[in-house]
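Each chain, written out:
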Amino acid sequence: MLFKVRDEKAFTLFEVLFILLITSIIVAIAFPLLGGTAVNARLRNCQANLRTIDGAINQYHAEHDAYPSDINALVASGFLRASPECPHTKLKDYSLSNQHDRGVCSQGHEIP
Ligand SMILES: [Zn+2]
């Protein structure tokens, strides 16, 4: 026999390409959504760190009647356990504003 009879149990090339097309469309939709979720989670974590720093500044001000000179003053006086790390850079990127009344992230993250 010159031509092989088509085996009905196997997939045709068209069927395999169609499945690859559908799979690639699903992956193309899912990955940007998952990536955006991770970025949002890191931003929320940074904002939580800023709120913690602001709370520590308020406690420091209530006790000393002055604002702390820097983040290390908050740690040294026990209002912060340690200087937090921004989840975007994994570095201790926080400092105090010019008036020393709130925390600032060097990556530009802010509390909404
Ligand atoms: Zn940050």
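In case you missed it, the structure is sitting above this.
Now for a description of the structure that goes with this document. (Residues numbered from 1 in each chain as written. Predicted model: local features only at pLDDT ≥ 70, side-chain atom pairs only at ≥ 80, totals over all residues.)

## A few points about the overall build of the protein chain
- A tally of helices and strands in the protein chain yields two helices and two strands.
- Ordering the α and β elements of the protein chain from the N terminus gives α-α-β-β.
- Radius of gyration (C-alpha) of the protein chain: 27 Å, far over the 13 Å computed for a compact globule of 112 residues.
- Dimensions along the principal axes, computed over C-alpha positions, put the protein chain at roughly 100 × 25 × 15 Å.
- Across the 112 residues in the protein chain, those meeting the buried criterion constitute 16%. (Helix = DSSP H or I, 4+ residues; strand = E, 2+ residues; numbered from the N terminus. Rg over C-alpha atoms; globule rule 2.2 N^0.38 Å. Buried ≥ 20, exposed ≤ 12 C-beta atoms within 10 Å, placed from the backbone.)

## Quick word on the nonpolar core
- Within the largest apolar cluster, twelve residues are counted, these being Cys46, Ile53, Ala56, Ile57, Tyr60, Ile71, Leu74, Phe79, Leu80, Cys86, Tyr94 and Cys105.
- Broken down by secondary-structure element, the contributors of at least two residues to this core are helix 1 (13-64) and helix 2 (71-76).
- Tallying contributions element by element places helix 1 first for this core, with five residues. (Core = buried A, V, L, I, M, F, W, Y, C linked by C-beta atoms within 7 Å.)

## Description of unusual backbone geometry
- Even without being a glycine, Asp65 presents a positive backbone phi close to 55°.
- Within the secondary structure, Asp65 sits in the loop between helix 1 and helix 2.
- Taking the number of C-beta atoms within 10 Å as the measure of exposure, Asp65 has 7 and is therefore exposed.
- In this structure, His100 takes a positive phi of about 60° despite not being glycine.
- Residue placement: His100 occurs in the loop between strand 1 (94-96) and strand 2 (103-105).
- Given 17 C-beta atoms within 10 Å, His100 falls into the partly exposed group.

## Some remarks on helix 1
- Over its 52 residues, helix 1 runs 76 Å from end to end, which matches the ideal 76 Å to within 8%, given 1.5 Å per residue.
- All buried positions along helix 1 are accounted for by Cys46, Asn49, Ile53, Ala56, Ile57 and Tyr60.
- Where helix 1 is buried, its residues touch helix 2, strand 1 and strand 2.
- Just downstream of helix 1, Asp65 is the residue with a positive phi angle, here 55°. (Expected span 1.5 Å × (residues − 1). Contact = placed C-beta atoms within 7 Å.)

## Points about the environment of Ala66
- Among the secondary structure elements, Ala66 is positioned in the loop between helix 1 and helix 2.
- Accessibility expressed as a C-beta count within 10 Å gives 10 for Ala66, which makes it exposed.
- Note: C-alpha distance between Ala66 and Arg42 (24 residues apart in sequence) is 31 Å.

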